[in-house]
Each structure stands twice: as C-alpha cells, then as structure tokens.
Amino acid sequence: MIESKKITNPFPGLRPFETDEYRLFFGREGQSDELIARLQRSHFLAVVGTSGSGKSSLVRAGLLPALRGGMMAGAGSGWRIAIMRPGSDPIGNLAGTLAETDVLSEAGGGLPPAEAEAVIEAILRRGSLGLVDVVRQARLSEQEKLLIVVDQFEELFRFRVARAATSTEDEA
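Residues numbered from 1 in each chain as written. Predicted model: local features only at pLDDT ≥ 70, side-chain atom pairs only at ≥ 80, totals over all residues. Heavy atoms only, no water.

1. Regarding the side chain of Ser32
Threshold: Only DSSP runs of H or I covering at least 4 residues are called helices, and only runs of E covering at least 2 are called strands; the numbering of each starts at the N terminus. For each residue, the accessible area found with a 1.4 Å probe, counting protein chains only, is set against the maximum for its type, and the residue is called buried under 20%, exposed over 50%, and partly exposed in between. Residues are treated as being in contact if the distance between any of their heavy atoms lies within 4.5 Å.
The residue Ser32 is located in helix H1 (residues 29-42) in this model. Accessibility expressed as a relative area gives 8% for Ser32, which makes it buried. Excluding its chain neighbours within four sequence positions, the residues that come into contact with Ser32 are Leu58, Gly62 and Leu63.

Structure representation (structure tokens):
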C-alpha cells in the first residue's frame, strides 16, 4: 500500500490568515509589536489600510496570537477575544459573538446559547453602558481581559443609511 502525504498550501489565497495559521504568517512581526504597544497605551486600536492590504491577517495571525502568548507586558495571556462583523444588525451580531462559549457566555446566566444571546442583546440595548454591564455580568477574573475585534468596521457607516427609518438612531 502506498501512503500519500497530505499536501497543504501555506497561503490562504484571498481570505485573511486565521489565528491558528500564525506560524505561516511572517514578515510583519514589527507591525504586530507596534499594535501591541499602541493597544497597551490606549486600550483602543484602529487598523486602517486599503482593501486587501492584510489588515485582518495582521490582527488575526499577528496581534491575537501575540496577546494570547502573553506578549503585552502586564496583561498576561488570559484573553477572551470576540471577533465580530457589524453587518445589518450590529448589536445583534455583537450579542451573538459575546454569547459564544469561550467569550462571555456567563453573561447569559448559564442559559442555552440562543437564550444567552437574547439576554446579552437585551442588556446591550438598555443603554450606552450596555457593554460594560455585559462584561460585569460575566464576572471575569482579574487575570482575564476582553478584546473585541470589529472586522469590517466600515459596515457601521453603511448600516445607518441602509436601515429603515423606524430603527433607533444610535444602534450603529
């Protein structure tokens, strides 16, 4: 019997590199280090560039593995990371992402995933501090940090125009 090896392509093509492909993502280590330094200084980070320039790959295969590896001084490696796209329902999509098991499912009160998502969405919609309330309800340990990655952030600007006049003004 002839044993054949599975041949894998180290290049993802047109899609971005994913976090588990960080070993294949190289040559931008300095940029990943700079993202960590800026995130540590301000706790907010915008990665801006032209379409196809590798922003998502830099975040997913550069920044996120570095954070989980403890590369941000004083922050440790206990990161809960929510990666979401706003789409046509920014708050609903954020709630769905936060309700995932390894993110903030505790904020849903131990309910089944769909119900936890509904609880989290209701908390988010209560007011401008909804996200703060969701994080508090999740009761993260002092060693855990939450990072929310909003991929395709520009969808928030398209959302307001595309949404019906009956929607609330501040959803985006």
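Back to the write-up after that little detour.
2. Points about the confidence of the model for the protein
Formally: pLDDT gives the predictor's per-residue confidence on a scale running from 0 to 100.
Across the protein, the average pLDDT comes to 84, with 86% of residues at 70 or higher. Of all secondary-structure elements in the protein, the lowest mean pLDDT belongs to helix H6 (residues 155-162), at 70, while helix H3 (residues 90-98) reaches the highest, 94.

3. Some remarks on the pairing of strand S1 (residues 79-84)
Worth spelling out the cut-off: Pairing between two strands is assigned when DSSP locates at least 2 bridges connecting them.
With five of six residues buried, S1 is to be regarded as a mostly interior element. Of the strand pairs in this sheet, S1 and strand S2 (residues 145-150) are connected by six bridges, and their pairing is parallel. When the sheet's bridge partners are listed, Ala82 is paired in S2 with Ile148.

4. Description of a nonpolar patch on the surface
Using the following cut-off: Here a patch means residues that are over 30% exposed by relative accessible area and free of salt bridges, tied together within 9 Å if like-charged and within 5 Å if nonpolar (Val, Leu, Ile, Met, Phe, Trp, Tyr). Note on areas: Shrake-Rupley, 1.4 Å probe, and residue coverage restricted to the protein chains presented here. Any carboxyl oxygen of Asp or Glu that lies within 4 Å of a side-chain nitrogen of Lys or Arg is treated as forming a salt bridge with it.
On the surface, a nonpolar cluster with roughly 300 Å² of combined accessible area is contributed by Val150, Phe153 and Phe157. Position of Phe153 among the secondary structure elements: in the loop between S2 and H6. Looking at Phe153, the relative accessible area reads 42%, which means it is partly exposed.

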